[in-house]
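Single-letter residue listing:
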Amino acid sequence: MRTKVPYVAILAIVLGLCGASWGQKKASNPNPANGAADVGMPLFRWTAGSTAMLHDVYVGKAPELGAADLVGPRQPLAMFYYAAGLEPGVVYYWRVDEIEKDGVTVIKGDVWTFMTQALTAYKPDPADGATVVSPTATLTWLAGKSAVQHHVYFSDNRDAVAQAAAGADKGLQDLAANTFAPGTLQEATTYYWRVDEIVGGAPTAGPVWTFTTWMTVDDFEGYTDDEGSRIYETWIDGLTNSTGSTVGYMTAPFAEQKIIHGGKQSMPLDYNNLAKPYYSETEQEFSPAQDWTAGGTDSLVLYIQGKGVDFDIQKAATTPVIDGKAEAVWANATILPVTRKIDGADTTGPLDASAQFRELYDDTYLYVFVDINDSSLRNDSSSAYLDDSVEVYVDGDNGKGQSPLTGNNRQYTFGWTATDIQGTNTQVTGISFAQVNTPTGWSIEIRMPWQSLLGGPAPVGKLIGVDCFYNDDDDGQDTRERQLVWHSTVGADWQIPASWGTALVAPAGPVGTDLVYVALQDSANQTAVVTNPDASLLKATQWVEWKIPLSSFTGVNVAKVKKLTIGVGDKANPVAGRTGKLYIDDISLVKP
């Protein structure tokens, strides 16, 4: 058995028992949680900073908290009961400043916010006044204080709702049923609704809320896998327009059916700007031309989610020396944190267990460098993943497949002080590595031949899947305490390349910045392009709403729209870019 248990581990245990946050001097983990919308009790709790002795608690109704908002000075516990109480239906802000043991040094905290439970129904969804609403929306709200039932009113007539007219009366609902599905609504139409809360047998009237539905351009629900109604037969891609785009999947189902904004389908759009023409477009033509101003609409809306490159693997300027040390060549590599727990117990802080990794390449090898913080190092099991160990994952084709690992999907495990390589679907020929202990843990440097990883040369200009895990064993038993990752979201089954990150094996030289753009062409063939300036849109892991005023399409007659184009790159000034995937959903027109 080999162990390394420095005094920092003992200190971490003591701080943990005291409720302190290891390595974090600011107060953290607020309760009420930041953004909570249903707070009733005026009890405030938090995790104390690691060196705090006392706490100043501020509570107010504006984010700029000053001396007048200091309601709990020099509190000895990480808990405070606000005796003055909280008003219903109000947004509050609060902050905890940590006072160090010298009684003078103050660590200013973050400002957190919450909303108290209102007396009436509140926090409607769609929000009051919303104009970008699906015609098939389900309405939701939060229950008012002490409510036992809800009485719902809904109509396209404001007076009918305000007066609780019979035609707008949708009946009583149980307290837990704080949703109402009005069915398929008229497009580009304004609706009104209200929820009265039943308290003590009597109704408490709620406010009248309003929203306006959109006019659908394409919600992608009508496409099937049958010849003639496939998504790529309407949305023309690079196979026809000679750009770098591919719409849909190669096998059925051709539309995306898991990553959706609304309904059951969205459009997957692969783009590849590594080669000429250096931009990717998909386009839909309308026959006859469409009037996008009918019904008073004035803006185009589309929802976008990205699945772009997480980072570039740069070509090594010089050949790394495999000695476990980060020499100068590693300075140009992207540093990626391995800190998110997917299995086991929480850490007591970054020095308890955390890591960061970097990757470089040359024509022959992929290089990986991992720097680990670990306060207690262990190697006493026959299976490396049960001890302190680094796991390196490579999906050589970026196929993003499922379990089990086959083909060029590989997992390699390198244990602390171990001389062997373990893993799944490994090909270890030519792999070499070296590791050294550091003041806060250890580091490992790995050289992996491309021939072993994917059976060929470096895939320059192509995408590969990658990930890095760290297994942390503190007690020397045949179980690890936790598993930390860079990218994967899967705990129980780690053999899922679909959950790993994506890297571009970057060509030498500069790579352009890809941006998403929309172009409209009218029946007179006048065209205008609007570009979204946010490059991070291509990496957005949640749906992003892009709202474009129709007036932005200068020179185009938006009452006679003939073609809609969605692209990635810069068609006017094309330069080599990257490759990736977008999802598009719920393209619509909305009123002001």
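Residues numbered from 1 in each chain as written. Predicted model: local features only at pLDDT ≥ 70, side-chain atom pairs only at ≥ 80, totals over all residues. Heavy atoms only, no water.

*Asks:* Mind showing me how you'd approach unusual backbone geometry here?
*Replies:* Glycine aside, a negative phi is what most residues show, and trans is what most peptide bonds show. Here the amide bond leading from D125 into P126 is cis, since omega sits at 5°, within 30 degrees of zero. For P126, the position within the fold is in the loop between β12 (122–125) and β13 (130–133). Between A252 and the following residue, P253, the backbone shows a cis peptide bond with an omega angle of 0°. Looking at the element boundaries, P253 is found in the loop between β22 (245–247) and β23 (267–272). At N398, a residue that is not glycine, the phi angle is positive and equals roughly 55°. (Helix = DSSP H or I, 4+ residues; strand = E, 2+ residues; numbered from the N terminus.)

*Asks:* Got a minute to help me understand the sheet that holds strand β14 (residues 139–142) in this structure?
*Replies:* Backbone hydrogen bonds hold the strands of a sheet together, and the pairing may be parallel or antiparallel. The three strands lie next to each other as β12-β14-β17, forming an open sheet whose pairing is antiparallel. Only two strands of the sheet have a single neighbouring strand rather than two, namely β12 and β17 (179–180). Sheet topology note: the β12/β14 ladder contains two bridges and is antiparallel. Paired with D125 across the bridge in β14 is T140. (Pairing = 2+ DSSP bridges.)

*Asks:* Just to check I follow, could you spell out the packing of aromatic side chains for this structure?
*Replies:* Here the distance between the centres and the angle between the planes together describe a pair of aromatic rings. Taken as a whole, this structure holds 27 aromatic pairs when the rule is applied. Arranged with centres 5.8 Å apart and planes meeting at 55°, the rings of F154 and F180 form a pair that is tilted. Taken together, the residues span a long stretch of sequence, with F154 in strand β15 (residues 149–155) and F180 in strand β17 at a distance of 26 residues. When its relative accessible area of 7% is taken as the criterion, F154 is described as buried. Considering the side-chain rings of Y393 and F469, the 4.4 Å spacing of their centres and the 40° angle between planes classify their relative orientation as tilted. (Phe/Tyr/Trp six-rings, centres within 6.5 Å; stacked < 30°, edge-to-face > 60°. Buried < 20%, exposed > 50% of the residue type's maximum accessible area, 1.4 Å probe, protein only.)

*Asks:* Just checking my understanding: could you explain the pairing of strand β18 (residues 190–199) for this structure?
*Replies:* For a regular strand, the rule is simple: side chains alternate between the two faces of the sheet. The buried count for β18 comes to eight of 10 residues, which makes it a mostly enclosed element. Pairing of β15 with β18 involves seven bridges; the strand directions are antiparallel. Directly across from H151, in β18, lies its bridge partner D196. With four bridges joining them, β18 and strand β20 (residues 209–213) adopt antiparallel strand pairing. Paired with Y192 across the two strands is T210, which belongs to β20. Of the pairings in the sheet, the one linking β18 to strand β19 (residues 202–204) comprises three bridges and is antiparallel in character. When the sheet's bridge partners are listed, E197 is paired in β19 with T204.

*Asks:* Explain the side chain of S299 to me, please; I cannot follow it from the model alone.
*Replies:* Considering the arrangement of structural elements, one finds S299 in strand β25 (residues 299–307). Separated by 3.2 Å, the side chains of S299 and D298 make a polar contact. Apart from residues no more than four positions distant in its own chain, S299 is found in contact with K547, I548, P549, L550, S588, L589 and V590. (Polar contact = N/O pair within 3.5 Å; in protein donor to acceptor, adjacent residues only side chain to side chain. Contact = heavy atoms within 4.5 Å.)

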